[in-house]
Amino acid sequence: MKNGNLDQAARDAGIAVDFINAKGEAESISDETKRALLAVMETPKGKLPLPPVHVFTVRDKRQLSVEGSGEFLWMLETESGKTFNGSVQGGETLILPPRLTQGYHQLTLRKGRKQWQTRLIIAPRRCYLPTALAQGEKRWGALVQLYTLRSERNWGIGDFGDLQQMLEKVAQHGGDFVGLNPLHALYPAHAAFASPYSPSSRRWLNVLYIDVNQVAAFSESRAAQRWWQQVKTQKALENARASDWVDYPAVAALKLNALRLAWATYAPDSAFDAFVAEGGDHLRYQAAFDAILTERTQDASGAWGWPAWPEGWHDPQQPEVQAWCAEHEDEIRFWSWLQFLAQQQFAACWQRSQQLGMTVGLYRDLAVGVAQQSAETWQDPQLYKLGASVGAPPDRLGPLGQNWGLPPLDPHVMRARGYQPFIDLLRANMRDCGALRIDHVMALLRLWWIPYGEGADKGAYVAYPVRDLLAILALESHRHRCMVIGEDLGTVPKEIVRMLRDSGIFSWKVLFFEQDAQGRYRQPDAWPRQSIASASTHDLPTLAGFWQADDLALGERVGMYGGDALRDLQQQRDAQKQALLKALQQAGTLTTLPRNTAMTPALNVAMHRYLAQTESALLGLQPEDWLGMTAPVNVPGTVDEYPNWRRKISVTLETMFADKAVKKVLKAVSEARKKG
């Protein structure tokens, strides 16, 4: 294929043939990358009379151009079951019936023996916003990595019982929500693979969050209770609970053993049967995946997941897998039951937040993708392109770029399926919560695709149908009464900033980054209302870690810096601290300057009060910052150098909310939010 034809083919497929690099210069994509990505994608072939899906917002003209010639008969069936009929000539415009409601409708076009299906989606322009926020009220809540919570009763990992307690304590101190890390299903058989951002499935839950103490079948099982009373069990539990780091394999062994004993005497009821029926094949093969992964031990190379299985097991529809499933129905139902328990307990947390009168209550986090060896890629290798991985191009902080090891969703397959995979994903993650945070929200516009096995510098941006996806997001947002928060930190393409704002999606504003060109921190009254403010995130240092430069010391220990980078970063940090002190004084939250470099209780309160005074409608605060903790939960760019996704909160929930310093912080926050 000649260069001109190759470039055109790439553009037709949504592959950008050039991009603006970190230096602000235009950089061309290599022909090798274009060919590699074109080979991975399933680009549309041939013209159809109508596209497979068409999305309208409420103000759009409801009409479609019909390609071809001759007469076509059409029938439109609305979501409510009402039908409309008519005919249209090829090359003319089909005017849709008036007053079609928001939702999903089906248009069928016929000509002779041929017929074509088009899904029509009619959506609102903006996402749902709770009445209190629409009326100008401001709310605050806690941002929690659920696994980090300690309590006097959990099994070495924060669970849904802890979440319910957290909701009650936050509400008691004037808070309105608890924001969570992704709760997506991980890999119980390989529990050490613990990143919530590299899940097995984004439609199902992490079963290690089940509070076993709440499971009736566990307390009613004599075998389970005998096991529970054993000295060996209690010692293992004590060790898991006492550790400052989540010991995922130990926790998984304890919980799965307990739940298997409970399952042996569990009598399925109508609620479980309905859950299984609603979950359909997707739940069945999620359960089958977990069961097969449990059965198959890790090989000598350390490889695991379905790519390491024999060829005949690479697709759930293959005869070997189907035969295994038929012989292991009880095992599949066991893993389905764990999903049922997790969903029940999480739903109970949501219901409790509503009983407490919380406006937002819970917000969930949607990861940008799933891992290469996941249950999702096993179930649907056509949708997820295993010949590519997503990441980020090279920049100043990462001269080699980033490769996240997550296979991208093919936008052409999504469109051919009427966006049903995206709709299913939103529905799974918008249930039982008042807000959904979308990680790396720029993925709605574009993603950096890297041919599998190549470095991140060999990638290219691939476009996604952003207007359609935003419209569907707004529609599902209203249907679930779930507001949307977009994680838009880092380099954000200008073209999506206005789209996100116009769609009613909340921006994320982090204290550390809210500086102008002169290094001055933005005053509270200048923060945008349509945003959530926070001191930090799970990928950044804690407040105390930032103030004491512990993150820089840690970075040096794990070999992240070279040359004069550490010295430059320390100078930059010193300047940031001085600028922040000036901002606190100007805002009136700090009257006496600290005498040393340590985070003092007074300075901690001043920073929290400053954040609480911002105009941002939402404010999310980390318990780590209430407690003055310095160790981060994640150090981006590290794998084995730091135990990411494992660091626990330093004290139990019971101790934290009884702490006088914590109470002082929360009182200051609650008072400042009410004044706004």
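Residues numbered from 1 in each chain as written. Predicted model: local features only at pLDDT ≥ 70, side-chain atom pairs only at ≥ 80, totals over all residues. Heavy atoms only, no water.

Going by the annotation in an unreviewed UniProt entry, the name recorded for the chain is 4-alpha-glucanotransferase, with Pantoea eucrina given as the source organism. As recorded by UniProt, the Sequence similarities (unreviewed entry) comment attached to the chain reads in full: "Belongs to the disproportionating enzyme family." (UniProt positions renumbered as here; feature names shortened; annotations may be inferred.)

Once that is clear, we can look at the sheet that holds strand S23 (residues 618-621). With respect to topology, eight strands assemble into an open sheet ordered S20-S17-S14-S11-S10-S23-S22-S21, the strand pairing being parallel. The sheet is open, and its two edges are formed by strand S20 (483-486) and strand S21 (507-510), each paired on a single side. Going across the sheet, the axis of each strand differs from the next one's by a mean of 25 degrees, ignoring polarity. Relative to strand S14 (residues 361-366), helix H11 (residues 329-355) is tilted by about 140 degrees, and along the sheet it contacts strand S11 (177-180) and S14. Against the sheet, helix H23 (residues 660-675) engages strand S10 (139-144) and S23, with an angle of about 145 degrees to S10. (Pairing = 2+ DSSP bridges. Helix = DSSP H or I, 4+ residues; strand = E, 2+ residues; numbered from the N terminus. Axes fitted to C-alpha atoms, helices over the stretch in contact; angles between N-to-C directions. Contact = heavy atoms within 4.5 Å.)

The next thing to look at is the pattern of salt bridges. Counted according to the given criterion, the structure contains 31 salt bridges. In this structure, Arg-431 and Asp-432 form a salt bridge, with 3.7 Å as the shortest nitrogen-oxygen distance. For Arg-431, a relative accessible area of 31% translates into the label partly exposed. A relative accessible area of 18% means that Asp-432 is categorised as buried. The salt bridge involving Lys-458 is made with Asp-457; its shortest N-O contact spans 3.5 Å. (Salt bridge = Lys/Arg side-chain N within 4 Å of Asp/Glu carboxyl O. Buried < 20%, exposed > 50% of the residue type's maximum accessible area, 1.4 Å probe, protein only.)

We now examine the nonpolar core. Ranked by size, the top nonpolar core spans 202 residues in total, and within it Met-166, Trp-337 and Trp-626 carry the most contacts. At eleven residues, H11 tops the list of elements feeding residues into this core. Every residue in contact with Met-166, bar those within four places of it in the chain, is listed here: Ala-142, Val-144, Leu-149, Val-178, Pro-623, Trp-626, Leu-653, Met-656 and Phe-657. Of all hydrophobic cores here, the second largest spans 16 residues; its members include Phe-56, Val-66, Trp-74 and Ile-122. (Core = buried A, V, L, I, M, F, W, Y, C linked by side-chain atoms within 4.5 Å.)

Our next topic: the packing of helix H20 (residues 601-612) against H23. Where H20 contacts H23, the two axes come as close as 8 Å, and the packing angle between them is 25 degrees. In terms of orientation, H20 and H23 fall into the roughly parallel class. Read as a crossing pair, H20 and H23 show a hand that is right-handed. Across the interface between the two elements, Asn-604, Val-605, His-608, Arg-609, Leu-611 and Ala-612 from H20 touch Lys-664, Val-665, Ala-668, Val-669, Ala-672 and Arg-673 from H23. Residue classes in the contact of H20 with H23 are distributed as seven nonpolar, two polar and three charged. (Parallel < 35°, antiparallel > 145°, perpendicular 65-115°, else oblique. Left-handed = near helix turned anticlockwise from the far one by under 90°. Nonpolar A, V, L, I, M, F, W, Y, C, P; charged D, E, K, R; others polar.)

A few words now on helix H8 (residues 248-263). Taking 1.5 Å per residue as the helical rise, H8 with its 16 residues ought to reach 22 Å, and the 22 Å between its terminal C-alpha atoms agrees with that figure. All buried positions along H8 are accounted for by Tyr-248, Val-251, Ala-252, Leu-254, Lys-255, Leu-256, Ala-258, Leu-259, Ala-262 and Trp-263. Buried positions along H8 lie against helix H5 (216-220), helix H6 (222-229), helix H7 (231-242), helix H9 (270-295) and H11. (Expected span 1.5 Å × (residues − 1).)

Strands sit in the order S3-S9-S8-S5-S6 across an open sheet of five strands; the sheet is mixed. Since the sheet does not close on itself, it has two edges, and those belong to strand S3 (53-57) and strand S6 (83-89), each with one partner. The mean inter-strand angle of the sheet, taken between neighbouring strand axes irrespective of direction, is 25 degrees. Against the sheet, helix H15 (residues 466-480) touches S3, strand S8 (103-111) and strand S9 (114-123), its axis set at about 130 degrees to S8.

Another point: the packing of aromatic side chains. Enumeration according to the criterion identifies 32 aromatic pairs in this entry. With a centroid separation of 6.1 Å and an interplanar angle of 75 degrees, the aromatic rings of Tyr-266 and Phe-272 are classed as edge-to-face. A relative accessible area of 17% means that Tyr-266 is categorised as buried. Between Phe-512 and Phe-546 the ring centres are 4.2 Å apart and the planes differ by 15 degrees, which places this aromatic pair in the stacked class. On the criterion of sequence distance, the pair formed by Phe-512 in the loop between S21 and strand S22 (531-534) and Phe-546 in helix H17 (residues 543-547) is long-range, its members being 34 residues apart. Here Phe-546 falls in the buried class, since its relative accessible area comes to 2%. Three or more aromatic residues joined by ring pairs form one cluster here, namely Trp-204, Trp-263, Tyr-266, Phe-272, Phe-275, Phe-334, Trp-335, Trp-337 and Phe-340. Across the ring face of Trp-508, the terminal group of Arg-437 is positioned such that the distance to the ring centre comes to 5.1 Å. Between the NZ or CZ atom of Arg-446 and the centre of the ring of Tyr-461, over which it lies, the distance is 3.7 Å. (Phe/Tyr/Trp six-rings, centres within 6.5 Å; stacked < 30°, edge-to-face > 60°. Lys NZ or Arg CZ within 6 Å of the ring centre and 35° of its normal.)

Phi is positive for Arg-481, which is not a glycine, with a value near 50 degrees. Here Arg-481 shows up in the loop between H15 and S20. Within the chain, Trp-645 stands out as a residue other than glycine whose phi angle is a positive 65 degrees. Inspection of the secondary structure assignment puts Trp-645 in the loop between helix H21 (623-626) and helix H22 (653-656).

Attention now goes to the side chain of Thr-614. By the element assignment, Thr-614 lies in the loop between H20 and S23. Excluding residues that lie within four positions of it along the chain, Thr-614 makes contacts with Lys-138, Pro-524, Trp-527, Ala-533 and Arg-673.

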